[in-house]
Amino acid sequence: MINEAEIWKFLEDVKDPEIPVISIIDLGIVRSVTINDNAIQVEITPTYSGCPAMDVINMDIRLKLMEHGFRKVQIKQILSPAWTTDWMSEDGKNKLTAYGIAPPNQKQQFCKEEMFQEEAVQCPRCSSFTTELLSQFGSTACKAIYTCKACSETFDYFKCH
Amino acid sequence: MFKKQKIMSDSIKVFSNLSSPLGGQGAFLYILHLADNVLILGQRNSEWTGHGPVLEQDIAITNISLDYLGQARNFYQYAAELYNGFSDDEKQSVDKWLPRLWKDYNRGLEEDDLAFLRDEHQYLNLLLVEVPKGDWAKTVFRQFLFSCFQYYLFQNLQKKSSDQQIAAIADKSLKEISYHLKWSSEWVIRLGDGTDESHRRMNDAVTDLWKYTGELFQPALYEESVFQAFGVAIQEIQESWNKKVDDVFAEALLKVPEQTGNLTGGKAGRHTEHMGYLLAEMQYLQRAYPNSKW
């Protein structure tokens, strides 16, 4: 008899298609796993409303569970409470840093609508805090671009959200 | 081997068995209005893709468009889901807002039908979001006016909506909206309090767009019924909006113009001459290849 813990374990193999070093568990987007008879319901919450990775993630979850023999899979999207980067695991944040992406700061610093405030973002390469915002938007909806004044590295910052 | 197509087609299961406490027509039209605002502004902003003044801002405005498409999808999916669960009477009451082409498809209503197959008079967006993008000053100024409005409106919907799905979409969207508001406020200030040239352009944008702001605070019938049901006071939203606009204008060295006319009608389906061109481009694929999927 399969239990939910095993399903959670399988989902650790489903990676973020845009940042393949972290899993959807690291990201904190899986809200719940429920098993009814042999049907599995997975609730996930989107990072950003228009994130194109979400459709791919839905399919990858389905494929991964199929690999393990589960054909009846229902994936439900939960919008509220809205996903926050605080749900990202410490392990996930470390993996991001190792990959060259600065992990999100804690949400206390969450960039509200107040203007011209910048976060202190640490360079993933040399750990310096003397970094500068280059662009509020980056290669994906979830990232901004910073540059490090100490080592000159230009890097992605996973925005706190 | 898996049948990949099948997996694709049923992988996006979002809502099920939802009904709105608002009842049929009011809920349906209000949700369409919210969806149309972001779809049309998303389409307008996406015209900058590959044409932004600098690479970073090209990426920024495109990302904002992407957020809007996501918000629009959430609203259209909900509207379609509600419609498919309507009684015959409720279906009849919203019939004139449904796409003609879809009626021949003989299947349930889907998000894309609502987004891409309605005629011009069936769209319920604000005029503000459909007017041409103009120069960068006009684009960021429109962005600021709309984000500011959306920010205070969605805070109200998040807290007060008795319709759980509308509250959830507002909750999800607000984080994105906060970021848009911050970004656009900064641009209005940067250009307003910038060079003579940038100040002139920002001033022109204010003159061009101010006449569309009255419509934000003149509720259509379906909005009135929703605001009443939720206990949302549009006057409070207007006060917050005015205060924020005043604060940003003060820093940007801009003046709120003397009211120079007030153009309305978008929320009732009466649009500017620009709307038809926008739709012709946006709807091309679904019109040329009806019901096509990828």
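Reading the values: the criteria
Residues numbered from 1 in each chain as written. Chains lettered and ligands numbered in written order. Predicted model: local features only at pLDDT ≥ 70, side-chain atom pairs only at ≥ 80, totals over all residues. Helix = DSSP H or I, 4+ residues; strand = E, 2+ residues; numbered from the N terminus. Buried ≥ 20, exposed ≤ 12 C-beta atoms within 10 Å, placed from the backbone. Contact = placed C-beta atoms within 7 Å. Nonpolar A, V, L, I, M, F, W, Y, C, P; charged D, E, K, R; others polar. Pairing = 2+ DSSP bridges. Domains from an automatic or database assignment. Axes fitted to C-alpha atoms, helices over the stretch in contact; angles between N-to-C directions. Right-handed = clockwise from strand over helix to strand, strands pointing away. Parallel < 35°, antiparallel > 145°, perpendicular 65-115°, else oblique. Left-handed = near helix turned anticlockwise from the far one by under 90°.

**Q** Any chance you could break down the overall build of chain A for me, citing the residues and the numbers?
**A** When you go through chain A residue by residue, the secondary structure sums to four helices and seven strands. Each helix and strand of chain A, placed in order from N terminus to C terminus, yields the pattern α-α-β-β-α-β-α-β-β-β-β. For chain A, the C-alpha atoms occupy an extent of roughly 55 × 30 × 25 Å along the three principal directions. Counting every position in chain A, which comprises 161 residues, the buried fraction comes to 39%. In chain A, the proportion of contacts linking residues at least 24 apart, taken out of those at least 6 apart, comes to 52%.

**Q** Describe the interface of chain A and chain B, and please don't skip the residues or the numbers.
**A** With 30 residues of chain A at the interface, the matching set in chain B holds 34 residues. Those elements that provide at least two residues to the side of chain A that touches chain B are helix 3 (53-67), strand 3 (73-77) and strand 5 (131-135) of chain A. With six residues, helix 3 of chain A is the single largest residue contributor to the side of chain A that touches chain B. Of the residues belonging to the side of chain A that touches chain B, the class tally is 15 nonpolar, ten polar and five charged.

**Q** Run through the sheet that holds strand 4 (residues 101-102) of chain A, naming residues and quoting values.
**A** As summarised here, the arrangement of the four strands in space is 4-7-6-5 (chain A), forming an open sheet in which the pairing is mixed. Of all the strands in the sheet, the pair left with one neighbour each is strand 4 and strand 5 of chain A.

**Q** Got a sec to walk through the domain arrangement of chain A? Specific residues and values, please.
**A** Residues and elements named next belong to chain A. Splitting chain A by domain gives domain 1 (4-83) and domain 2 (88-158). A C-alpha centroid distance of 26 Å is found between domain 1 and domain 2. Opposite the eleven residues of domain 1 that make contact, domain 2 presents eleven residues.

**Q** Requested: an account of the environment of B:E111, with residues and values cited.
**A** Residues and elements named next belong to chain B. Of note, E111 is situated in helix 5 (residues 111-116). Classification of E111 as buried rests on a count of 20 C-beta atoms within 10 Å. Residues E111 and Y78, 33 residues apart in the sequence, show an inter-C-alpha distance of 8.2 Å. Setting aside anything within four residues of it in sequence, one finds E111 in contact with R73, Y76, Q77 and A80.

**Q** Outline the sheet that holds strand 2 (residues 39-44) of chain A, supporting the account with residue identities and numerical values.
**A** Residues and elements named next belong to chain A. Spatially, 1-2-3 is the arrangement adopted by the three strands of the open sheet, whose pairing is mixed. Looking at strand neighbours, the two that pair on one side only are strand 1 (30-36) and strand 3, the edges of this open sheet. Pairwise comparison of adjacent strand axes, ignoring direction, gives a mean angle of 15 degrees for this sheet. When strand 1 meets strand 2, the two strands line up antiparallel, connected through six bridges. Bridge pairing in strand 2 links S32 to E43. Where helix 3 meets the sheet, it contacts strand 2 and strand 3, and its direction lies at approximately 155 degrees from that of strand 3.

**Q** Describe in detail the pairing of strand 3 of chain A, supporting the description with residues and values.
**A** Residues and elements named next belong to chain A. Across five bridges, strand 2 lies against strand 3 in parallel orientation. Looking at strand 3, one finds that Q41 is bridged to Q74. Handedness of the crossover is the feature at issue here: the chain leaves strand 2, passes through helix 3, returns alongside strand 3, and the resulting connection is right-handed.

**Q** If you had to explain the packing of helix 7 (residues 136-160) of chain B against helix 9 (residues 196-209) of chain B to someone new, which residues and values would you point to?
**A** Working note: a packed helix pair is described by the angle between its axes plus the distance between those axes. Residues and elements named next belong to chain B. Relative to each other, helix 7 and helix 9 sit at 50 degrees, their axes nearing to 8 Å. Taken together, the axes of helix 7 and helix 9 are oblique relative to one another. Regarding helix 7 and helix 9, the two cross each other, and that crossing is right-handed. Along the contact surface, helix 7 presents A137, K138, F141, R142 and L145, while helix 9 presents S198, R201, M202, A205, V206, D208 and L209. Among the residues forming the contact of helix 7 with helix 9, the class breakdown is seven nonpolar, one polar and four charged.

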